[in-house]
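# Residue-level structural notes
As a plain string of letters, each chain reads:
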Amino acid sequence: MTRFPDDFLWGAATAAYQIEGSPLADGAGASIWRRFSHDPRLMIAKGDTGEVACDHYRRWHDDVALMKTLGLQAYRFSIAWGRVLPEGTGRINQAGLDFYERLVDELLANGIQPLVTLYHWDLPAALDDRGGWLNRDSADWFADYARVLFDRLDGRVTRWVTINEPWVVADGGYLNGVLAPGHRNMFEAPIVSRNLMRAHGRAVQAYRAGGAHEIGLVVNIEPKQAASDSAADHAAQRRAEAYMNRQYLDPALCGRTPPELAEMYGEAWQDWSPDDLALARQRLDFLGVNYYTRSVVRADDAAFLTRAAPVPQPRSTHMTTGWEVSPQALTDMLVWVRAEYGDIPLYVTENGAAFYDPPRAMNGAIDDPLRVDYLRTHIAAVGEAIARGVDVRGYMLWSLLDNLEWTLGYAQRFGIVHVDFETQARTLKNSAHFYRDVIAGNGALPNG
Ligand code: FCB
């Protein structure tokens, strides 16, 4: 049984657009997700939107009480840029800022440490009208926004995240068109990637000018494994890994871009200038890694963009999202990060699973054995990485609540707390009881 460090931080994570609802309340400016979810082509499953979501914008006080019941030591949430700056730049909307200040104060009053993500995908629509992440000025817009939050909250918030999963922003939002703002453009994606990392760099620089605590970046990492020993499959594995796993880590931590990107993008690729590379590479206090699944890949010239196609793993368990369950790959991933990028403090900033749960709780309970098993094996996998010398400092379970799983809508339930979206009733699933026991035992895994 692995021992977790005494100060290991156990928490849960959410993101603004997925849980808050009331997206235009109290003077907030619309985000690209508000627009995307109101596109008449119905971009989100079943036409779901974030209008109500978990109604957390109005129920935040009760939700913090729920966190307290679970014994959470930390809560990772994101700030909706447009609540604070309705036009994205310039005028501050005090009511929006007040909402997050009250939330932070309530967390602290309950002994829960806030871990604040500045950007979890909800760009102000007013900035999208100015080109969004395609505009090089976006780096300065982001740093100005970040500064507003640092000025107001750094006395109380001790861990900041600049951007959540830049890969998903560029790939889903600008290459494949499945996430806001819904572009499908091979020439845009590498520009957006570079601007996201420039924005990250500018925000860290702004933080260094006065911030007193810690700031980091969050990336999603999905270990890529070659389907066979053939040279072609190994090359495919390297392309897939460069595209998803190295594209942002290499600039942020090493000041370079993976060479495979230029090859894959062809004429759509532009080399980063030395200044852009230097900007992207700032000293970070920690790296956040989000992990859900792995991918076994084989060479396939028809597979856009990486020419690496996923190979189905029919013998494994899969989530309702179709993602394969592989706890071993979580250990491998944490070990890989340390081997490739050195001994930077790590937080698992997201990890969790969507399995079928009924829309309504029966007798005040939800039995979710697959999720309990996922958590048990993945928490053990984090422990294994720690035993192998990786400096993992915390685990933020995704997610506290069932919520709007972006384009997949409310049908994909990742919460350990069930939400009845008709009544907004919250019910602790068995996984919530399980996680409470894990926290109480500092990672000792209860039987059952
Ligand atoms: C991650 C996102 C998070 C959630 C999980 C399931 O990519 O950061 O908001 O949707 O996936």
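Quick caveat: nothing in here was measured; it's all calculated off a predicted structure.

## Some points on the overall build of the protein
- Across its full length, the protein holds 16 helices and 13 strands.
- The C-alpha radius of gyration of the protein comes to 21 Å, within 12% of the 22 Å expected for a compact globule of 448 residues.
- With the principal axes as the frame, the protein shows a C-alpha extent of 60 × 55 × 45 Å.
- Expressed as a percentage of the 448 residues in the protein, the buried residues total 61%.
- Taking all contacts inside the protein whose residues are at least 6 apart in sequence as the whole, residues at least 24 apart take part in 76%.
- Summed over all atoms, the accessible surface of the protein reaches about 16500 Å², with 49% contributed by carbon and sulfur.
- Taking the average location of the 44 positive side-chain charges in the protein and that of its 57 negative ones, the two points are 1 Å from each other.

## Some details on the pattern of salt bridges
- As enumerated under the stated definition, the model contains 37 salt bridges in all.
- With its nearest N and O atoms 3.1 Å apart, the salt bridge here joins D276 to R136. Within this pair, whereas D276 is found in helix α13 (residues 274–280), its partner R136 is found in the loop between α6 (125–128) and α7 (138–153), the two being separated by 140 residues in sequence.
- The salt bridge involving D391 is made with R393; its shortest N-O contact spans 2.9 Å.
- Residue R393 is classed as partly exposed on the basis of its relative accessible area of 36%.
- Residues participating in the shared-partner salt-bridge network are D357, D368, R371, D402, R413 and K429.

## A short note on the UniProt feature "binding site: substrate" (unreviewed entry) in the protein
- Under the local residue numbering, the UniProt record ascribes the feature "binding site: substrate" (unreviewed entry) to Q18, H120, N164, Y292, W398, E405 and W406. Lining residues of the largest pocket drawn from the annotated set just named are Q18, H120, Y292, W398, E405 and W406.
- As for its placement among the helices and strands, E405 is situated in the loop between β11 (392–398) and β12 (417–419).
- Once residues lying within four places of it in the same chain are set aside, the contact partners of E405 are Q18, W398, Q412 and F414.
- Separated by 3.5 Å, the side chains of E405 and Q18 make a polar contact.
- Once residues lying within four places of it in the same chain are set aside, the contact partners of W406 are A15, Y17, Q18, W33, I44, H120, W121 and L179.

Calculation notes
- Residues numbered from 1 in each chain as written.
- Predicted model: local features only at pLDDT ≥ 70, side-chain atom pairs only at ≥ 80, totals over all residues.
- Heavy atoms only, no water.
- Helix = DSSP H or I, 4+ residues; strand = E, 2+ residues; numbered from the N terminus.
- Rg over C-alpha atoms; globule rule 2.2 N^0.38 Å.
- Buried < 20%, exposed > 50% of the residue type's maximum accessible area, 1.4 Å probe, protein only.
- Contact = heavy atoms within 4.5 Å.
- Areas by Shrake-Rupley, 256 points an atom, 1.4 Å probe, with all protein chains shown as cover.
- Lys, Arg positive; Asp, Glu negative; His and termini not counted.
- Charge placed at Lys NZ, Arg CZ, Asp CG, Glu CD.
- Salt bridge = Lys/Arg side-chain N within 4 Å of Asp/Glu carboxyl O.
- UniProt positions renumbered as here; feature names shortened; annotations may be inferred.
- 1 Å grid on protein atoms, 1.4 Å probe; cavity = no way out; pocket = protein on both sides within 12 Å on 5 of 7 lines; lining within 4 Å.
- Polar contact = N/O pair within 3.5 Å; in protein donor to acceptor, adjacent residues only side chain to side chain.

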